[in-house]
Amino acid sequence: MAQLAETLSNTSKPVLNRRGIIETPDSLKYNNSSGLESTGKLDLSSEDYYRKPCFIHSRFDDAFDVAKVLKEISSDGFSHISHSSLVQTATGVRELAKRIGQASIRIDVRSVLIVTKARDNRLIPLTRDLARWLMLNRGVNVYVDAKLRLSKRFDAEKLIDENEMFENMLRYWTPELTNTMPDLFDLVLTLGGDGTVLYTSWLFQRIVPPVLAFSLGSLGFLTNFSFQEYEKHLNKVFDDGIQVNLRMRFTCTVFKNGRQTETHEVINEIVVDRGPSPWLSMLELYGDNNLLTVVQADGLILSTPTGSTAYSLSAGGSLVHPEIPAISITPICPHTLSFRPMLLPDSMLLKVSVPTRARNTAWASFDGRHRVELRSGDYVTVTASQYPFPTVVASQMDYIESVSRTLKWNVREQQKPFIDLVTDDTDTNGSSTSAQDDEDWDIDDSYFFSSSSSSTMLSGMGSAPQSAITTGSSSPLHREFSFLNLDKK
């Protein structure tokens, strides 16, 4: 574990350069000439699997050789490690993960991709203004949706006529371009709501550039930047760098008749339900090839921490912070009272299959898109993706602020203290009363608290405290506390 300790000391405050340089106290350098393209089939024993996981992690490859550390852990010598050394190693790994998540990334932005909410005409002029500002003030290439090429509201010809340089700087993207050449873009800006962010995740099925989401939709769990201040936000990104939240995604692979048919990267959830069938779904849930349970319900939701505020929340699932590496399992209307939502570690390989004894087929959907039918014997595997979704962080309290803003999480009128019930009262004449005037109450309680009647009544109760019988205080608040035996000193 010497390498791990050395890595932690060298990455006290890592600052990542977009051109492939890790700016640490030792100025560690990493040449990212190996590229970021997908290798297709994943080989977990290959070093390439650990050296090219995503846009962010690849910058740490030279400082931290994951494959080498895993090999050291699996060696025979590691089995004889002391308990204190094992604890120190585990603490070091958590600290390293924390520091990677807090890393500031200085990106050399040359190309910006703008994803605008579909079928919202009011956002087209905003897209035009944003593209114009980026090209004029920051001198970067701007990619907008190819559907805006002939849009009259966008008016690309008039925009180009304003400055002849815009002709080479204004470009257009297509889903095919984003899926095949993700390293062409240095930054992604979204104009819309959470659906636009989900669509961006769908566009980038492998490597995802940093995503800065402007809030122009309805709720906005993932959109924490105000578009009215886009100049201030973007100037900070260009000049000071960014901090990102590496949101976990799922790699979902569908198998039919024993053959792999398709693979999808999802950021919210995969849902396997009964579809149009009137019968309950019968599904088998496996974890690392071990049967966990047989699901008899309308369906099953497997969500990421990001997706815990979506369909899973509606079905009774728990809120999960996006930095918690977990897979949320939430049943949809289960036909049992004991099937409660559960969190599983993200290291587990899950499989949802349709057993041969099931009465009907099942349907799987990925982030609410592309539904596919699963027949008897078909199954879908779900595992944590090696391509996370990096979102630019507005503040360290992004998640709590978004949940409080959108869901009104734990919002209620706060309980008033007892002192406010007695002091600072104002009567109809505008004069103030205090605790010293507590004898002048409007309630006539003389009979209940008279020395004779109260003693007889309370003594008859048997269980009343003696302090409530013998108290001579005229304060109703004090008498109430005495009755409850709360005036002990």
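Scroll up to find the structure.
Residues numbered from 1 in each chain as written. Predicted model: local features only at pLDDT ≥ 70, side-chain atom pairs only at ≥ 80, totals over all residues. Heavy atoms only, no water.

### With respect to the layout of surface pockets
Rolled over the atoms, a probe with the dimensions of a water molecule shows which regions are left empty. Roughly 840 Å³ of volume is contained in the second largest pocket. In terms of lining residues, the second largest pocket is bounded by 35 residues, among which Lys117, Asp194, Gly195, Thr196 and Tyr199 are the most central. Among the elements that take part in the lining of the second largest pocket, helix α9 (residues 194-203) stands out by supplying 5 residues, more than any other. Its residues assigned to classes, the lining of the second largest pocket comprises 12 nonpolar, 14 polar and 9 charged. (1 Å grid on protein atoms, 1.4 Å probe; cavity = no way out; pocket = protein on both sides within 12 Å on 5 of 7 lines; lining within 4 Å. Points joined across faces, edges and corners; volume = space filled by probe spheres on them. Helix = DSSP H or I, 4+ residues; strand = E, 2+ residues; numbered from the N terminus. Nonpolar A, V, L, I, M, F, W, Y, C, P; charged D, E, K, R; others polar.)

### As for a nonpolar patch on the surface
Taken together, Met397, Ile400, Leu407 and Trp409 make up a surface patch of nonpolar side chains, about 370 Å² in accessible area. Its location among the elements puts Trp409 in the loop between α12 (398-407) and α13 (418-422). A relative accessible area of 46% means that Trp409 is categorised as partly exposed. (Patch = residues over 30% accessible without salt bridge, like charges linked within 9 Å, V, L, I, M, F, W, Y side chains within 5 Å. Areas by Shrake-Rupley, 256 points an atom, 1.4 Å probe, with all protein chains shown as cover. Salt bridge = Lys/Arg side-chain N within 4 Å of Asp/Glu carboxyl O. Buried < 20%, exposed > 50% of the residue type's maximum accessible area, 1.4 Å probe, protein only.)

### Overview of the sheet that holds strand β17 (residues 342-345)
Pairing is antiparallel in the open sheet, where 6 strands are placed in the order β17-β16-β15-β12-β19-β20. Both outer strands of the open sheet, β17 and β20 (369-374), are each paired with one neighbouring strand and no more. Ignoring strand direction, the axes of neighbouring strands in this sheet form an average angle of 20°. Pairing geometry for strand β12 (residues 269-273) and strand β15 (residues 299-303), over 5 bridges, is antiparallel. Within β15, the residue paired with Asp273 across the bridge is Gly299. (Pairing = 2+ DSSP bridges. Axes fitted to C-alpha atoms, helices over the stretch in contact; angles between N-to-C directions.)

### Some words on unusual backbone geometry
Here the phi dihedral of Arg119 falls at roughly 60°; this positive angle occurs in a residue that is not glycine. Among the structural elements, Arg119 can be located in the loop between β4 (111-116) and α5 (123-138). Judged by relative accessible area, Arg119 falls into the exposed class, the value being 83%. Phi is positive for His370, close to 50°, though the residue is something other than glycine. Position of His370 relative to the elements: it lies in strand β20. Take His370: its relative accessible area is 42%, and that puts it in the partly exposed class.

### Some points on the sheet that holds strand β18 (residues 350-353)
Strand order in this open sheet of 6 strands is β11-β10-β21-β18-β13-β14, and the pairing throughout is antiparallel. With one partner strand each, in any of the chains shown, β11 (259-266) and β14 (290-297) form the two edges of the open sheet. Sheet twist, expressed as the average angle between the axes of neighbouring strands with direction ignored, equals 20°. The pairing of β18 with strand β21 (residues 379-384) spans 4 bridges and is antiparallel. Among the inter-strand pairings, Leu350 is bridged to a residue of β21, identified as Val382.

### Things to note about the nonpolar core
In this structure, Leu130, Leu134, Val144, Leu189, Phe214 and Leu234 are the most contacted members of the largest nonpolar core, which totals 38 residues. For this core, the leading source of residues is α5, giving 7 residues. When neighbours within four sequence positions are excluded, Leu234 is seen to be in contact with Leu130, Trp133, Leu134, Leu189 and Phe214. By size, the runner-up hydrophobic cluster in this structure holds 31 residues, among which are Trp202, Ile327, Ile329 and Met348. (Core = buried A, V, L, I, M, F, W, Y, C linked by side-chain atoms within 4.5 Å. Contact = heavy atoms within 4.5 Å.)

### A short note on α5
Its 16 residues give α5 an end-to-end C-alpha distance of 21 Å, which sits within 8% of 22 Å, the value for a rise of 1.5 Å per residue. Looking one or two residues past α5, Gly139 carries a phi angle of roughly 60°, positive in sign. (Expected span 1.5 Å × (residues − 1).)

### Points about the pattern of salt bridges
The final tally for this structure, using the stated rule, is 11 salt bridges. With its nearest N and O atoms 2.6 Å apart, the salt bridge here joins Glu162 to Arg132. Taken as a pair, Glu162 in helix α6 (residues 156-162) and Arg132 in helix α5 lie far apart in primary sequence, 30 residues in all. You can call Glu162 partly exposed: its relative accessible area is 38%. The partner of Asp298 in a salt bridge is Arg274, and the shortest N-O contact between them spans 3.0 Å. Within this pair, whereas Asp298 is found in the loop between β14 and β15, its partner Arg274 is found in the loop between β12 and β13 (281-287), the two being separated by 24 residues in sequence. For Asp298, a relative accessible area of 21% gives the class partly exposed. Within the structure, one salt-bridge network assembled from shared partners comprises Arg128, Arg132 and Glu162.

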